[in-house]
Amino acid sequence: MRSYKNLFLWFFLLAALASVPFLLPVYWIMILTEILVMSMFAMSFNLLFGYTGLLSFGQAGFFGTGGYLAVLTLLHGSTSIWVALVAGVLGSGLIALIIGWLCVRRDEIYFAILTLGFGMMLFTIAHNWRSVTGGSDGLGNFSVPEVDFLGVVLTLADPKIFYFFVLIIVLLGTWLLSRIVNSPFGLLLKAARENSNRIAFIGANVRSLRLFAFVIAGALAGASGVLFAMFNRIASPEMLHWSFSGKVILMTLLGGSGVFFGPAVGAAIFFVLEHIITSFTTNWMIFLGIILVLLVLLFPSGVLGSLLETWGRIRKGHKL
Amino acid sequence: MDSVVANILNGLSWGMLLFLISVGLTVVFGVMGILNFAHGSLFMLGSYFALQFVRWVGSFWIGLLLGPVIVAFLAILIERFLIRPIYSRDTSLQLLLTFGVMLILDDGVRLIWGSAYHVVNPPQILSGTIAIFSGTYPVYRVFLVIAGPLVGVALWAFFTMTRWGKTLRAAAMDRRMAEIIGVRAPLLFTLVFAFGAWIAALGGVLAAPHQSVGPAMGEHIIIESFIVVVIGGMGSFPGAFVGALILGLMNAFGATMLPDLQMAMPYILLAIILLARPRGILGEEL
Amino acid sequence: MSEQPILEVKNLSKSFGKFKVLSNVSLKIEKGQLCALIGPNGAGKTTFYNVVTGRYRPDRGSVLFEGRDISGVQTHRLTSMGLLRSFQITNIFPALTVLENILAPLVVYHAKGYSFLRAIKKQPALADEAKHILGRVGLENKWDQVASTLAYGDRRLIEIALVLACRPKLVLLDEPTAGMNPEETDRMIKLIKELAGRSETTFFVVEHDMKVVFSVAEKIFVLNQGELLAEGTPEEIRSNQKVKVAYLGGYLDAKG
């Protein structure tokens, strides 16, 4: 019964997402593309924050690493988007493995600061290693790749085709994440979030659990970074800056870190709000700050989280 | 020789400003358990008040006197209405709340003073240059190097000689202990937060003639002062002093000797300290 | 040759600064024997407990689990070797359901901790096993409730079930009835006896509540001022003159 309802919901969502390019103007297709990319980034961050209980302030480092590696691949290696994507994902996953190996030794605030520090090291590399990364100007000027789909060659320069490309990758990433959070491994992550000291007494190693989650989150952040760099036609140092990590944290809280799709909803609300607010003022950050403060004080479970809680209460009320 | 003197002078003056902002950050963390992302923005507000008082009354000194007080008052409001409701909550949420406050303050400054950078001239007696050995250096920089330790000594005297200071230090070391010996927590927290803001803003006013005043300075300095606080030992007052000096000197020498690495050096230092000695150089090992 | 003891403590000593907390403590626990360690506050029980479970390193002496020296072995390895401990303060996974609390150790036991592609709901064998374990402590009807919403006594039972789910060979119970009301205490005593009676697990209770110890243990060790004062059956301990003088006097006299 319930699984049918779920199936229906999934089908509806997919149908809506797939029909968008035929219904909306190009401008909104592009906004939606960006929302999709950031959704995957935010959901991968939430594997650490919401599910494992680790606040990382350095996820932008992996996001940017993915972007730069993809662009570098396209410039110097191969013209295939798939090779660029794999390079971005593997590279950022590898960097996450090294950094994570060090970071998972610390908890809470120390973990947050340590990830912030390592993220900023990556930022510094992107910013200062001019000969490779182009410095503060970023790295662009690559030819937009084409994809061979069942013998038909499609160019990603077309916003509609790029939208579908992003949609497929993001759906794959989302599918992987949903598998993870419902798996035995996902259960242990939640257990580690609830009581990290107890984990050793059920026979598991909390550090390696966290490291595994960190690498997955880093690799998916890298994948999002690849898409982001393709979308903007450039990889720039800002992608790695800690304030970019802050933005993703904000999206996650906005939607709700306790719900699987919370970060995605948060990303959507974020972009729509940004769009509306920047149309009448340039001081969009002040609104962002106010929203964040209100969220923490009044709605710590986020928009989607609060909605679901209210819905649950109403349903219970009806039953009684 | 000259470049060494210049580097030391630059490093020390920057280190002194870092120290002023980090003291509050470390004491607030020690006593309240909150890592305040908005602390750098309070420093920045100090600089803007210096700018504003120079514009209004033409006096840097009045800004130095009144600016920090206004910022401290603002900090009382922030503590009372935003931070107090979430003391019992998750540390991540506390961090995020102060992150939100930072966004508001930084953009608020942009709203009031615009996003351009401003220059504040040093007061008459402290302008011009001075000859040390064979080189010449801005008088104001020398003033900072002297003023910093003076403020440090004053703070040290406050922390070790006065009853209030001792209570604060005890509370920063062990919060529960402070409650046992009868410190009224809510009032203590408010005062500590205001005190931290006051010193940060004092640093901000002093920094105004030293560097250009702009809306991004809070965001910049907060990360560096996080690093200072962590390498010195969170909650440790002498640690903040040592950490600030190390970072200041490292920045100055790094800029001339290893310009490509200079930006990354603080982070490398941070990572090494956090991994090898998580309580910091002068923090209590558990 | 008799069977190897499951736990053997040899000449254990531990000091904190100048203060000697344990001096030269030796004891053996045979497999299947329900033992208890008692002693007044400050006798060194907690330190003994923490040394045996690997939290503190002893200054001298060794702890052998199934004949193997376990000093310096990481906690999660001890757990997979079958040496478990319970906690005095309730130490469970509060926001997870009762069932999920038990599933977590089961997943680890079945080496599925890193399996991340197959949903846990699609592995009914795991849930069945977890419910079976919950049945042993009498919580089978509360499996779908969130752990933190349960009454104190029930949360203590989750603690026991968490330990059982790790398939322990030896369990050290740290004051299992601490903070319980009389009714909950009786339930816990009954449960410990039952579990000890029909499983392969050996239980070792560290406790200061006399009533619990004498109604549960087959063999009792008495710790006083860091030294092992006496060991024997409850009857032997009751009649032991040294124990009476040092520790139990008032209590046993009052009981007659």
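Bear in mind that the values here come from a model prediction, so they are computed numbers and not experimental data. (Residues numbered from 1 in each chain as written. Chains lettered and ligands numbered in written order. Predicted model: local features only at pLDDT ≥ 70, side-chain atom pairs only at ≥ 80, totals over all residues. Heavy atoms only, no water.)

**What to know about the pattern of salt bridges**
No. 1: In this structure the tally under the stated criterion is 12 salt bridges over all chains.
No. 2: For Arg130(A), the salt bridge identified is with Asp137(A), shortest N-O distance 3.7 Å.
No. 3: In this structure, Arg187(C) and Asp154(C) form a salt bridge, with 3.3 Å as the shortest nitrogen-oxygen distance. Taken as a pair, Arg187(C) in helix α6 (residues 182-198) and Asp154(C) in helix α5 (residues 152-164) lie far apart in primary sequence, 33 residues in all. (Salt bridge = Lys/Arg side-chain N within 4 Å of Asp/Glu carboxyl O. Helix = DSSP H or I, 4+ residues; strand = E, 2+ residues; numbered from the N terminus.)

**Thoughts on the environment of Lys45(C)**
All names here are of chain C.
No. 1: Checked against the element boundaries, Lys45 lands in helix α1 (residues 45-52).
No. 2: Lys45 sits in the buried class, given a relative accessible area of 5%.
No. 3: Each C-alpha atom, one on Lys45 and one on Asp144, is 36 Å from the other, the two residues being 99 residues apart in sequence.
No. 4: Once you skip the residues sitting within four places of it in the chain, Lys45 turns out to touch Leu37, Ile38, Gly39, Pro40, Glu175, Val206, Glu207, His208 and Leu223.
No. 5: One polar contact links the side chain of Lys45 to the main-chain carbonyl oxygen of Gly39, over a distance of 2.8 Å. (Buried < 20%, exposed > 50% of the residue type's maximum accessible area, 1.4 Å probe, protein only. Contact = heavy atoms within 4.5 Å. Polar contact = N/O pair within 3.5 Å; in protein donor to acceptor, adjacent residues only side chain to side chain.)

**Details of the domain arrangement of chain C**
All names here are of chain C.
No. 1: Taken domain by domain, chain C comprises domain 1 (1-82 + 168-256) and domain 2 (92-165).
No. 2: In this structure, domain 1 and domain 2 have C-alpha centres spaced 27 Å apart.
No. 3: Each side of the interface is counted separately: domain 1 has 17 residues, and domain 2 has 10 residues.
No. 4: Between domain 1 and domain 2, the buried area comes to about 1100 Å², and carbon and sulfur atoms account for 65% of it.
No. 5: Together, Arg187, Leu191 and Leu195 form the three largest contributors to the area buried by domain 1 at its contact with domain 2, with a combined 33%.
No. 6: Inspection of the domain 1/domain 2 interface yields 1 salt bridge.
No. 7: Linking domain 1 with domain 2 are 3 residue pairs in polar contact (both at pLDDT 80 or more).
No. 8: Top contributing element to the side of domain 1 that touches domain 2 by residue count: α6, with 6 residues.
No. 9: The class makeup of the residues in the side of domain 1 that touches domain 2 is 10 nonpolar, 2 polar and 5 charged. (Domains from an automatic or database assignment. Buried area = accessible area lost by both parts, 1.4 Å probe. Nonpolar A, V, L, I, M, F, W, Y, C, P; charged D, E, K, R; others polar.)

**What about a nonpolar patch on the surface?**
No. 1: On the surface, a cluster of nonpolar side chains totalling about 940 Å² of accessible area is made up of Phe22(A), Leu23(A), Leu24(A), Tyr27(A), Trp28(A), Val272(A), Ile276(A), Phe280(A) and Phe287(A).
No. 2: Residue class for Phe280(A) comes out exposed when judged on its relative accessible area of 59%. (Patch = residues over 30% accessible without salt bridge, like charges linked within 9 Å, V, L, I, M, F, W, Y side chains within 5 Å. Areas by Shrake-Rupley, 256 points an atom, 1.4 Å probe, with all protein chains shown as cover.)

**Focus: the packing of helix α2 (residues 26-51) of chain A against helix α7 (residues 159-182) of chain A**
A pair of packed helices can be characterised by two numbers: the angle between their axes and the separation between those axes.
Residues and elements named next belong to chain A.
No. 1: Put simply, α2 and α7 touch, their axes get as near as 10 Å, and they point 20° apart. The angle between α2 and α7 falls in the class roughly parallel. The handedness of the crossing between α2 and α7 comes out as left-handed.
No. 2: Classifying every residue of the contact of α2 with α7 by side-chain character gives 20 nonpolar, 4 polar and 1 charged. (Axes fitted to C-alpha atoms, helices over the stretch in contact; angles between N-to-C directions. Parallel < 35°, antiparallel > 145°, perpendicular 65-115°, else oblique. Left-handed = near helix turned anticlockwise from the far one by under 90°.)

**Section: the sheet that holds strand β7 (residues 170-174) of chain C**
Residues and elements named next belong to chain C.
No. 1: Spatially, β6-β7-β8-β3-β9-β10 is the arrangement adopted by the 6 strands of the open sheet, whose pairing is mixed. With partners counted over all chains shown, the strands left at the sheet margins are β6 (83-85) and β10 (227-232), one partner each. Pairwise comparison of adjacent strand axes, ignoring direction, gives a mean angle of 20° for this sheet.
No. 2: Here strand β3 (residues 35-38) pairs with strand β8 (residues 202-206) via 3 bridges, running parallel. Following the sheet pairing, Ala36 is matched in β8 by Val205.
No. 3: Contacts between α5 and the sheet are confined to β6, β7 and β8, with β7 contributing the most and set at about 160° to the helix. (Pairing = 2+ DSSP bridges.)

**A look at the interface of chain C and chain A**
No. 1: The interface is formed by 32 residues belonging to chain C together with 25 residues belonging to chain A.
No. 2: Looking at the side of chain C facing chain A, the largest losses of area belong to Phe93(C), Tyr114(C) and Phe116(C), adding up to 25% of the total buried there.
No. 3: Across the chain C-chain A interface, the total number found is 1 salt bridge.
No. 4: The salt bridge partner of Arg198(A) is Glu159(C), with a shortest N-O separation of 2.3 Å.
No. 5: At the junction of chain C with chain A, the criterion picks out 12 residue pairs in polar contact (both at pLDDT 80 or more).
No. 6: Elements with a contribution of two residues or more to the side of chain C that touches chain A: α2 (75-81), β6, α3 (98-109) and α5 of chain C.
No. 7: The leading source of residues in the side of chain C that touches chain A is α3(C), at 6 residues.
No. 8: Looking at the side of chain C that touches chain A residue by residue, the classes come out as 20 nonpolar, 7 polar and 5 charged.

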